[in-house]
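Now for the letters of each chain:
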Amino acid sequence: MNHTPENIKKLRKNEVFVFGSNLAGKHLGGAARTAKDLFGAVTGVGEGLTGKSYAFPTLDKSLRKRTKKQLEMSRNKLFFCADENPQKVFLVTKIGCGIAGFKEEEMKELFG
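Definitions and cut-offs
- Every chain's residues receive numbers from 1 upward, in the order its sequence appears when written.
- pLDDT decides what is reported in this predicted model: residues at 70 or higher carry local features, side-chain atom pairs at 80 or more are listed and counted, and totals for whole chains, interfaces and linings draw on all residues regardless.
- In computing side-chain properties, one takes all heavy atoms of the structure into account and sets aside hydrogens as well as water.
- Helix and strand labels come from DSSP, where a helix needs a run of H or I of at least four residues and a strand needs a run of E of at least two; each type is numbered from the N terminus.
- A 3.5 Å cut-off defines polar contacts: any pair of N or O atoms within that distance qualifies, except that in protein one atom must be a possible hydrogen donor and the other a possible acceptor, and neighbouring residues in sequence count only when both atoms are side-chain atoms.
- Only heavy atoms enter the contact rule, under which two residues are in contact if any of them lie within 4.5 Å.
- When DSSP finds two or more bridges between a pair of strands, those strands are recorded as paired.
- Only the contacting stretch of a helix is used when fitting its axis, a line to C-alpha atoms as for every element, and angles between N-to-C directions run 0 to 180 degrees.
- Partly exposed describes any residue whose relative accessible area lies between the buried limit of under 20% and the exposed limit of over 50%, with all areas from a 1.4 Å probe on protein chains only and scaled to the type maximum.
- In these notes, a set of buried Ala, Val, Leu, Ile, Met, Phe, Trp, Tyr and Cys residues joined through side-chain atoms within 4.5 Å is what counts as a nonpolar core.
- Relative orientations are named as follows: roughly parallel for angles under 35 degrees, roughly antiparallel for angles over 145 degrees, roughly perpendicular for angles from 65 to 115 degrees, and oblique for any other angle.
- In this scheme, a crossing is called left-handed if the near helix is turned counterclockwise away from the far one by less than a right angle; it is called right-handed if the turn is clockwise.
- When residues are grouped by polarity, Ala, Val, Leu, Ile, Met, Phe, Trp, Tyr, Cys and Pro land in nonpolar, Asp, Glu, Lys and Arg in charged, and all others, Gly among them, in polar.

1. Focus on the side chain of histidine 27
Move 1: Considering the arrangement of structural elements, one finds histidine 27 in the loop between β1 (15–22) and α1 (30–39).
Move 2: Here valine 45 takes part through its backbone oxygen, which lies 3.2 Å from a polar atom of the side chain of histidine 27.
Move 3: Non-local contacts of histidine 27, meaning those with residues more than four positions away in its chain, are made with Phe19, Ser21, Ala32, Arg33, Lys36, Ala41, Val42, Thr43 and Val45.

Pasting the structure below:
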């Protein structure tokens, strides 16, 4: 398993920046802001491929934490997208560990 670098400022042609988002697609801070400013994430797109990014929603449209079941469904969508795009490398940031307030261990368990 590879590890994503901490401070991503550039992407290779085949790389996708995976960031924690909200379902409203408001990319105002943290990695979401980086995705919007540097990697083409589109305001209003709260889940899925957007620019050279992939929005992974950890918050709902009202900016409340999503449930474990909802996160699992989004994880499955991300995995499906990665399977459908084997030529791409998905760089997964510490999703949900900033503004959303999830513990790193919770998110590791989700993806583990």
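2. What about the sheet that holds strand β3 (residues 53–59)?
Move 1: Spatially, β2-β3-β1-β4 is the arrangement adopted by the four strands of the open sheet, whose pairing is mixed. Edge positions in the sheet fall to β2 (48–50) and β4 (89–92), since each of these pairs with one other strand and no more. Direction aside, neighbouring strands of the sheet carry axes that sit 40° apart on average.
Move 2: Here β1 pairs with β3 via six bridges, running parallel. Paired with asparagine 22 across the strands is leucine 59, a residue of β3.
Move 3: Along the sheet, α1 contacts β1, β2 and β3; its crossing angle with β1, the most-contacted strand, is approximately 135°.

3. Examining the environment of lysine 88
Move 1: On the secondary structure map, lysine 88 appears in the loop between α2 (68–84) and β4.
Move 2: Classification of lysine 88 by relative accessible area gives partly exposed; the value is 30%.
Move 3: With near-sequence residues (within four places) excluded, lysine 88 lies in contact with Asn14 and Val16.

4. Considering the nonpolar core
A general trend in soluble globular proteins is that nonpolar side chains are found buried together.
Move 1: Counting residues in each nonpolar core, the largest one holds 14 residues, and the members touching the most others are Val18, Tyr54, Phe56, Leu78 and Phe90.
Move 2: For this core, the secondary-structure elements that each account for two or more residues are β1, β3, α2 and α3 (104–111).
Move 3: Excluding anything up to four places from it in sequence, phenylalanine 90 contacts Val16, Val18, Leu49, Tyr54, Leu78, Cys81, Ala82 and Asn85.
Move 4: Ranked by size, the runner-up nonpolar core spans 10 residues in total, among them Ile8, Phe19, Ala35 and Ala41.

5. Observations concerning the packing of α2 against α3
Move 1: Between α2 and α3, the least distance of the axes is 10 Å, while the angle of their chain directions is 50°. Here α3 runs oblique to α2, going by the angle between their axes. Two packed elements cross with a definite hand, and for α2 against α3 that hand is right-handed. Contacts between α2 and α3 involve Lys68, Leu71, Glu72, Arg75, Leu78 and Phe79 from the former and Glu109, Leu110 and Phe111 from the latter.
Move 2: Considering only residue class, the contact of α2 with α3 consists of five nonpolar, no polar and four charged.

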